[in-house]
Amino acid sequence: MATAYRICPLCEATCGLAITLDGDRVKVIRGDRDNPFSRGYVCPKGTTLGRLHADPDRLRRPLVRRDGRHVEVSWREAFAEVERLLAPILAGDRDGCAIYVGNPNAHHLDNAVGVRPLIKALGTRNVFTASTVDQMPRHVACGLMYGAPLTIPVPDLDRTDHLLILGANPYESNGSLATAPDWPGRLEAIRDRGGRVVVVDPRRTKTAANADRWVPIRPGTDALLLTAMLSVLFSEGLVEPSPHVDGVDELAAAVERFIPERVAASCRIEPETIRRLARELAAAPSAAVYGRIGTHTTPFGTVAAWAVDALCALTGNLDRPGGIMFPFPPHLPAHRPARPFRRGRWRSRVRDLPEVMGELPVATLPDEIETPGEGQVRALITVAGNPALTAPDAGRVDRALAGLDAMISVDPYLNETTRHADVVLPPPSALQRSHYDLVFTGLSVRDFVAYSPPVLPRDDGQPSELEILATLAGIASGMGSDVDPEALLDAALTAEVGRAVSDPSSPVHGRDPDELAATLEAWPYPERFLDLMLRTGHRGDAFGDRPGGLTLSEVASHPHGLDLGPLQPRLPDLLATPSGRVELAPEPVIADLERLEGSLTGDDAGMVLVSRRHLRSNNSWLHNVDVLVRGAERCTLWVHPDDADRLGLADGATARVASRVGEVAAPVEVTDEVMAGVVSLPYGWGHGAEGSRLSVASTRPGVNTNLLTDATPLDPLSGNAVLNGIPVEVRPAGRD
Ligand SMILES: Nc1nc2c(c(=O)[nH]1)N[C@H]1C(S)=C(S)[C@@H](COP(=O)(O)OP(=O)(O)OC[C@H]3O[C@@H](n4cnc5c(=O)[nH]c(N)nc54)[C@H](O)[C@@H]3O)O[C@H]1N2
Ligand SMILES: Nc1nc2c(c(=O)[nH]1)N[C@H]1C(S)=C(S)[C@@H](COP(=O)(O)OP(=O)(O)OC[C@H]3O[C@@H](n4cnc5c(=O)[nH]c(N)nc54)[C@H](O)[C@@H]3O)O[C@H]1N2
Ligand code: SF4
Ligand SMILES: [Mo]
């Protein structure tokens, strides 16, 4: 028996796995105790990669739809069908073909390398990703404050004395936009060393239950709470800003009106509690504020994301140990040319919504498909996404997908989304591909890198996911379906090397490109791109010019990963704002406070819905793994006992939940783990759709909470969807 080590690609925690193999069979997967970052931590999902690989429903061959049914075809036939379907659409208006890029793209090296060139080759403005049902507000806040949307500070979990968490439940999610294996252990360590953890959430989550204090909040009102905390810092003389900041006075003037007494009723939080939250932050030797899904997927997501960082900056906690800090992954160069952060370079056709980071809000994808006229979306490519379950107003998404002229999906499953595809192109399983976290090393609370080679060989004829994406790019560029993906990758690499040697700020400026390219040939794709990035990165060996510097071989020689130490301060070098300073009062955010103030008068008496996650789920796609869905029904509607009494809802009975856009029926679970006035459904369920092939998931389908979420309200600065705080009516089933 052999043991292979690799990083789990399922969530952002990036745990090390030790995989015991009997030939090509996975015997058992455990946490890798010798991984210095995860130290043996693993969750139930990570141990199922072998089952996912062996899942008979996982597609091994491409599917093409013939007479309404999906049938297996050869790769050659599948790509020929893609060309046949897309060529006429791409010959016309390039915007006629849209692309949707889902969450797993951030977790795989092939995708991190291969998606951008595909988008470029498509030449469409209709680019949609899961970012606009997730973290886009954070990108916009960071773009405005630090000058670049990917310059994202993370809480310095291992050194902080005080952590304020809003709208995140890392005991189930294992964290997001802050990569750290074993978040629960790290939170407990804060308390063990005498620090404090406070959680603001409408639910008494596991994270809240294990914290020093839980502060329930009316969903959708974090921006009010946070601006009120900012106003307290000023009114009580608690401001001691971090260095390199601009705009303190403008910020002070802008938040003055949000005194705790004014926001208390909307937030359902006592003024004195708000003051205490602010005072604690200012008094702690070091403190970090961390807001996630619950703060971002609201109408004021960008304001909330901004306020989180502003609170840290005004209490001296930006860019210092124990505060919020900027990771510096080794694949990034020492200096990056600063390009101004811009939004709205183009706008969506139907709703006139601004582009952000090269994409449009996924909430408006159905509008673009269903509204006739020039530029109408008639074809869609999905890569690792399931918008039929994950996007707001999912019922309409599902109908829109059904009405497309052509749909191509790169996905291992025939699920709620891909059942609409004319061609499904399955990637190799996670164990059949190499791994390196290009995305999450940039969000990590410690500088840590690991490279994992494939654990299992690919099936005969199975292309890598990078080859699939490159072939699609070739087809989109008019090269035909027989295009050689390897030749395209060679050309792309040559271009990258060329850019490096001609860039005066690169450590390989002026070097011979052929010599560099020859060195990279030691690796296959996508590793060649990675090796180039690592060698030209800030710790890199510069292809021999900096002996002892990092290379992919060096990283690979540490099968349990290579720890590069705690985060280091990075300001002001990192800043790319026009002023070269941290902008604490960016104009678009300050202007949006007007709208925030307007929300104070809103009617907030009715019931609202929030989503939740479970440790054994992963967004919409792990419900086909038997061991992860066994046991008590999880897709239940949580209702507070007072609401249950008032509404006549008994534990175990069925409730009907109706919103402006849809209605679902779900079993009731009466629990005080959710505050009164709020109900909660898990997200990612609603399986069993006709034409899908998920034999386990369809036996425990659950309901899709996104049949209730509304695609109309958005966070205007980021285009992010509103997925929490959805107004709903709840009543017992059978009573109409
Ligand atoms: N097990 C598991 N892990 C996952 C995932 C998964 O599906 N399952 N998904 C992964 C992905 S893609 C992501 S982005 C991360 C997300 O990671 P988290 O951000 O930790 O996501 P959730 O667990 O949904 O926690 C969001 C919390 O916000 C609360 N909330 C809702 N509305 C509000 C509000 O208005 N204000 C406040 N303060 N709180 C609110 C909810 O009650 C919930 O507890 O998790 C990742 N990890
Ligand atoms: N109501 C509500 N809605 C939400 C959220 C919420 O909290 N509440 N959370 C939002 C968040 S944070 C996110 S990130 C989105 C997620 O939204 P999506 O990205 O649309 O959904 P996923 O469930 O992550 O879909 C993953 C898809 O990728 C496929 N897949 C898995 N592995 C691979 C692979 O290696 N290659 C390829 N090509 N495909 C693969 C799966 O089969 C599945 O079809 O949902 C959002 N929607
Ligand atoms: S916490 Fe995330 S990375 Fe770690 S084993 Fe579980 S799914 Fe994998
Ligand atoms: Mo996400």
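Before reading further, recall that the structure is shown in the block above.
Note that the structure is predicted; figures quoted are calculated from it, not measured.

A. The arrangement of the site of ligand 1 in detail. What surrounds ligand 1 is a group of 31 residues, the closest being Asp201, Gly220, Asp222, Ser617 and Asn619. With respect to ligand 1, the backbone of glycine 167 contributes an N or O atom lying 3.2 Å from a nitrogen atom. Serine 617 is positioned such that a nitrogen or oxygen atom in its backbone is 2.7 Å from a nitrogen atom of ligand 1. Taking 930 Å² as the accessible area of ligand 1 by itself, protein coverage stands at 98%. For the shell around ligand 1, the secondary structure elements donating two or more residues are α5 (170-173), α12 (293-296) and β21 (607-612). Its residues assigned to classes, the shell around ligand 1 comprises nine nonpolar, 14 polar and eight charged.

B. Representation of the environment of serine 231 within the structure. Checked against the element boundaries, serine 231 lands in helix α8 (residues 222-235). Residue classification places serine 231 among the buried positions, given a relative accessible area of 6%. The sequence separation of serine 231 and leucine 90 amounts to 141 residues, and the corresponding C-alpha distance is 53 Å. Excluding residues within four positions of it along the chain, serine 231 makes contact with Val255, Glu256, Phe258, Ile259 and Pro260.

C. Summary view of the site of ligand 3. Residues in close proximity to ligand 3 include Cys8, Leu10, Cys11, Ala13, Thr14, Cys15, Val42, Cys43, Lys45, Gly46 and Asn174, which together make up its full environment. Looking at side-chain class alone, the shell around ligand 3 contains seven nonpolar, three polar and one charged residues.

D. Just the pattern of salt bridges, in detail. In the structure shown here, the tally under the stated rule is 48 salt bridges. With its nearest N and O atoms 2.8 Å apart, the salt bridge here joins arginine 396 to glutamate 370. A residue pair is termed long-range when its members are at least 10 positions apart, and arginine 396 in helix α16 (residues 394-402) and glutamate 370 in helix α14 (residues 365-370) qualify at 26 residues. On the basis of relative accessible area, arginine 396 is assigned to the partly exposed category, the value being 22%. The partner of glutamate 467 in a salt bridge is arginine 458, with the nearest N and O atoms 3.6 Å apart. Through salt bridges with shared partners, a single network forms among Glu236, Glu261, Glu272, Arg275 and Arg279.

E. A look at the nonpolar core. Counting 94 residues, the largest nonpolar core has Leu225, Met229 and Trp306 as the members making the most contacts within it. Counting residues per element, this core draws most heavily on helix α13 (residues 301-314), which supplies 11 residues. Setting aside residues up to four positions removed in sequence, tryptophan 306 forms contacts with Ala141, Met145, Thr227, Leu230, Leu251, Val255, Leu584, Pro586, Val589, Ile590 and Leu593. The next biggest cluster of nonpolar side chains, apart from the first, holds 33 residues, and it includes Leu85, Leu122, Ile381 and Leu425.

F. Focus on the pairing of β21. Among the six residues in β21, five count as buried, and that is most of the element. Inspection of the sheet shows β21 paired to strand β28 (residues 726-732) by three bridges, in the antiparallel sense. Within β28, the residue paired with methionine 607 across the bridge is valine 728. Bridge count for β21 against strand β25 (residues 678-682) is five bridges, and the pairing is parallel. For leucine 609, the partnering residue across the bridge sits in β25 and is valine 679.

G. Seen up close, the sheet that holds strand β10 (residues 196-200). The sheet built from four strands is open, its strands ordered β11-β10-β9-β13 with parallel pairing. Two strands close off the open sheet at either side, each with one partner strand: β11 (213-215) and β13 (288-291). Averaged over neighbouring strand pairs, the angle between their axes works out to 15° when direction is ignored. Relative to β13, strand β9 (residues 162-166) runs parallel, the two sharing four bridges. Of the residues in β13, the one forming a bridge with leucine 166 is glycine 291.

H. Structural view of the packing of helix α9 (residues 248-255) against α13. At a closest axis distance of 13 Å, the pairing of α9 and α13 adopts a crossing angle of 125°. Taken as axis vectors, α9 and α13 run oblique relative to one another. The element α9 and its partner α13 pack so that their crossing is left-handed. Of the residues in α13, those in contact with Val248, Leu251 and Val255 of α9 are Trp306, Ala310 and Leu314. Along the lines of polarity and charge, the residues of the contact of α9 with α13 split into six nonpolar, no polar and no charged.

I. The arrangement of unusual backbone geometry in detail. Going from tyrosine 525 to proline 526, the amide bond is cis rather than trans, its omega being 5°. Mapped onto the elements, proline 526 comes out in the loop between α19 (513-520) and α20 (527-536). Look at the link from leucine 571 to proline 572: it is a cis peptide, with omega at 5°. Looking at the secondary structure, you find proline 572 in the loop between β19 (562-566) and β20 (582-583). Positive phi, normally seen in glycine, also occurs at aspartate 393, with a value near 50°. In this structure, aspartate 393 sits in the loop between α15 (387-390) and α16. Of note in the backbone geometry, alanine 542 takes a positive phi value of approximately 50° without being a glycine.

About the cut-offs
- Residues numbered from 1 in each chain as written.
- Chains lettered and ligands numbered in written order.
- Predicted model: local features only at pLDDT ≥ 70, side-chain atom pairs only at ≥ 80, totals over all residues.
- Heavy atoms only, no water.
- Near = heavy atom within 4 Å.
- Polar contact = N/O pair within 3.5 Å; in protein donor to acceptor, adjacent residues only side chain to side chain.
- Areas by Shrake-Rupley, 256 points an atom, 1.4 Å probe, with all protein chains shown as cover.
- Helix = DSSP H or I, 4+ residues; strand = E, 2+ residues; numbered from the N terminus.
- Nonpolar A, V, L, I, M, F, W, Y, C, P; charged D, E, K, R; others polar.
- Buried < 20%, exposed > 50% of the residue type's maximum accessible area, 1.4 Å probe, protein only.
- Contact = heavy atoms within 4.5 Å.
- Salt bridge = Lys/Arg side-chain N within 4 Å of Asp/Glu carboxyl O.
- Core = buried A, V, L, I, M, F, W, Y, C linked by side-chain atoms within 4.5 Å.
- Pairing = 2+ DSSP bridges.
- Axes fitted to C-alpha atoms, helices over the stretch in contact; angles between N-to-C directions.
- Parallel < 35°, antiparallel > 145°, perpendicular 65-115°, else oblique.
- Left-handed = near helix turned anticlockwise from the far one by under 90°.

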